[in-house]
Amino acid sequence: MMDNNPEECSVCFNNYDDTLLRPRTLPCGHTFCSQCIDNAMKNGQLSCPSCRAQHTATAATQFLINYGMEAFIRKLKGMEVVPVTTVPTKPNKAPTRGISKKLRSLVEEQKSSISSLITSCKEVLSQLGEYRGQLGDWKTQHLQLQDRLYALVEQNKSAMKLLELEDTSVVDMTTQGEEGKTQLQAMLGSLDTVITAQEVGTTIDTADECSMKVEDWLQKCQELFPDVNTVHTSVKVQETIREALEMTTTETGATADPVHLGDSDSSIMTKVKEITGEIPQKEITVEDLRRRIREPVKRLVEAGRVVAVQEDQDGRRSARITLQDGQLYLHPLLRQPTPAHAHTIQESDVVGVLDPSCTLAFLDLGWAGSTRGRVTIRLTPDTPLARQFVLLCTGQRGHTYRNTKLLRVVDKGRLGECVGGGDYESNDGKGGAQLLPDLQGQYRESGQAGAVWSWSVVAFFWRLGGPKSAQFTITTRDHQGGGQWPYVFGDVVSGLDVVRAAVNHSDITEVTVVDCGVVLPL
């Protein structure tokens, strides 16, 4: 049905005006007054009263003013005529005095300018109110953190009091022990000088009394020290405070990197969100990662809120992107929930930035319940084995080296020592089939420690191929007599000491690739 009264808001049926009831158009195309739009918002969402389309917003000022509607209303007002039922009793006469039409136009322009400024003032006042609410929330959070810091300080004070009491007790017992030792030494001297039976008896009695006191002192030391509660409290409080301090990202008085806040037309809260890192997903691209990472993108990466994703017939997989020592790392794709409020980038776009002539991959090795170190390998991706290694480090084909075991050590403790792993299929050394149809290529030979080569050349009598072609081997000691391993497709550039420590572990199959991935040269 057509709207017979376009100058009215279809919700409140009031005429649009230049102040509270300004016409504003939603992204779906429907127009309502500012007041009705504000009233309809709930939890940052607005449902269009006409078509029920959902829009995200916190204030009516986020929607554009329908200037065409305002111009139409002004034209309607100028076309108003006297109703036919009204008959003037006296003929109309032109005013004999007053301002000219040109001056009246200037007055109207001034009124319009003032009304526009009033509207702008209301919009900014609304933004200031929202910003003040955010400041209040931050102040509350700071007070809560301050209370927690005070609690840590009080715990530290209590631990120090326990240590002081323990130290006082140790000093007292040390004094008693020194006195007992001095008395025993005196008794030794007295026993050396006795000459009569009476002196012997008296000295022995005195020595027995001193010995009993020292024995009692020794027993008390064993019972009193260390005080379990004191030591446990001290260690735990130190660990808690140390962890809290290590989580601090900036030092007191540190100056944050400058943040570009966009153009001057951006609202106050839009700028606040840019500073705090709450930026729209569309603003995170590979280009943002290519340049020297600045705030707020850096904070998003450090918070684990930037992930690479890949869609396939089985659903979505995601890979973490982390920042360490100024270097970006891409971890393997896994079927895992995407972190809340994450900003996603297509995996293909991220992998596409890898240097086609050289790639850095990494394996994190761990055993006995902890990660022991990172092994970084420089690959030559112009070889099929290296490209396959990248696929298994990133999980692009659905398989990954993550959580696979090291399987064997060859020539342990001798020249040519090497360690193998990478059975992504059965994790027992019987699997690890190739992912690429043809692995033949131009490979080099090397007998140097750190060389990375294919285990299949050993399993299949120096021929490349077979069901174990994805298993890898890392040489940890130079080969004897200038011997060479064939089909080398990479070299360890850092972390060879971690591999050697793994070789020396009592059971090599307890060593696991706890994580893997590639370095992003951005």
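Residues numbered from 1 in each chain as written. Predicted model: local features only at pLDDT ≥ 70, side-chain atom pairs only at ≥ 80, totals over all residues. Heavy atoms only, no water.

Considering the nonpolar core
Part 1 of the reasoning: By size, the foremost hydrophobic cluster in this structure holds 58 residues, and its most contacted members are Leu-365, Phe-389 and Tyr-401.
Part 2 of the reasoning: With seven residues, helix H10 (residues 384-394) is the largest single contributor of residues to this core.
Part 3 of the reasoning: Residues in contact with Tyr-401, not counting those within four places in the same chain, are Leu-363, Phe-389, Leu-392, Cys-393, Gly-422, Ala-470, Phe-472, Val-513 and Cys-516.
Part 4 of the reasoning: Membership of the second largest hydrophobic core comes to 16 residues, among which are Leu-26, Cys-36, Ile-37 and Ala-60. (Core = buried A, V, L, I, M, F, W, Y, C linked by side-chain atoms within 4.5 Å. Buried < 20%, exposed > 50% of the residue type's maximum accessible area, 1.4 Å probe, protein only. Helix = DSSP H or I, 4+ residues; strand = E, 2+ residues; numbered from the N terminus. Contact = heavy atoms within 4.5 Å.)

What about unusual backbone geometry?
Part 1 of the reasoning: A cis amide bond, omega -10°, links Phe-225 with the succeeding residue Pro-226.
Part 2 of the reasoning: Looking at the secondary structure, you find Pro-226 in the loop between helix H4 (197-224) and helix H5 (228-246).
Part 3 of the reasoning: A positive phi angle is found at Asp-411, which is not glycine, with a value near 55°.
Part 4 of the reasoning: In this structure, Asp-411 sits in the loop between strand S12 (406-410) and strand S13 (418-421).
Part 5 of the reasoning: On the accessibility criterion, Asp-411 (28% relative accessible area) is partly exposed.

Digging into the pairing of strand S7 (residues 315-324)
Part 1 of the reasoning: Relative to S7, strand S6 (residues 306-312) runs antiparallel, the two being bridged by six bridges. Residue pairing in the sheet places Val-309 in a bridge with Ser-318 of S7.
Part 2 of the reasoning: Joining the antiparallel neighbours S6 and S7 is a turn of two residues.
Part 3 of the reasoning: In this sheet, strand S8 (residues 327-330) lies alongside S7 in antiparallel orientation, the contact comprising four bridges. Within S8, the position partnered with Gln-324 by the bridge is Gln-327. (Pairing = 2+ DSSP bridges.)

Describing the confidence of the model for the chain
Part 1 of the reasoning: Summary statistics for the chain give a mean pLDDT of 84 and a share of 86% for residues scoring 70 or more.
Part 2 of the reasoning: Here residues 81-96 scores under 50 on pLDDT; set against residues more than four positions off or in separate chains, the count is zero contacts.
Part 3 of the reasoning: Taken as a whole, residues 249-257 scores under 50 in pLDDT and shows one contact with residues more than four places along the chain or in a different chain. (pLDDT = per-residue confidence, 0-100.)

Quick look at the pairing of strand S16 (residues 472-475)
Consecutive side chains along a regular strand alternate between the two faces of the sheet.
Part 1 of the reasoning: Burial along S16 is two-sided: the residues Phe-472 and Ile-474 and Thr-473 and Thr-475 are all buried.
Part 2 of the reasoning: Inspection of the sheet shows S13 paired to S16 by four bridges, in the antiparallel sense. Considered in S16, the bridge of Val-419 is made with Ile-474.
Part 3 of the reasoning: Alignment of strand S15 (residues 451-454) against S16, held across three bridges, turns out to be antiparallel. If you follow Val-452 over to S16, its bridge partner there is Ile-474.

Regarding the sheet that holds strand S5 (residues 64-65)
Part 1 of the reasoning: The sheet built from three strands is open, its strands ordered S2-S1-S5 with antiparallel pairing. In this open sheet, the two strands that pair with only one neighbour each are strand S2 (31-33) and S5.
Part 2 of the reasoning: The pairing of strand S1 (residues 23-25) with S2 spans three bridges and is antiparallel. What sits directly across from Thr-25, in S2, is Thr-31.

A word on the state of the cysteines
Part 1 of the reasoning: Counting across every chain of the model gives zero disulfides.
Part 2 of the reasoning: Free cysteine: Cys-36, not disulfide-bonded; nearest cysteine sulfur from Cys-33 at 3.4 Å.
Part 3 of the reasoning: By relative accessible area, Cys-36 is classed as buried at 12%. (Disulfide = S-S within 2.5 Å.)

Structural notes on the packing of aromatic side chains
Part 1 of the reasoning: Considering all chains together, one arrives at seven aromatic pairs under this definition.
Part 2 of the reasoning: For the ring pair Phe-389 and Tyr-401, a centre distance of 5.2 Å and an interplane angle of 50° mean the geometry is tilted. You can see Phe-389 sitting in helix H10 and its partner Tyr-401 sitting in the loop between H10 and S12, a full twelve residues away along the chain.
Part 3 of the reasoning: For Phe-389, a relative accessible area of 1% translates into the label buried.
Part 4 of the reasoning: A connected cluster of aromatic rings, assembled from ring pairs, spans Phe-389, Tyr-401, Phe-472 and Phe-489.
Part 5 of the reasoning: Over the face of the ring belonging to Tyr-329 we find Arg-374, whose NZ or CZ atom lies 4.6 Å from the ring centre.
Part 6 of the reasoning: Arg-374 extends its terminal NZ or CZ atom over the ring of Phe-362, reaching a point 4.1 Å from the ring centre. (Phe/Tyr/Trp six-rings, centres within 6.5 Å; stacked < 30°, edge-to-face > 60°. Lys NZ or Arg CZ within 6 Å of the ring centre and 35° of its normal.)

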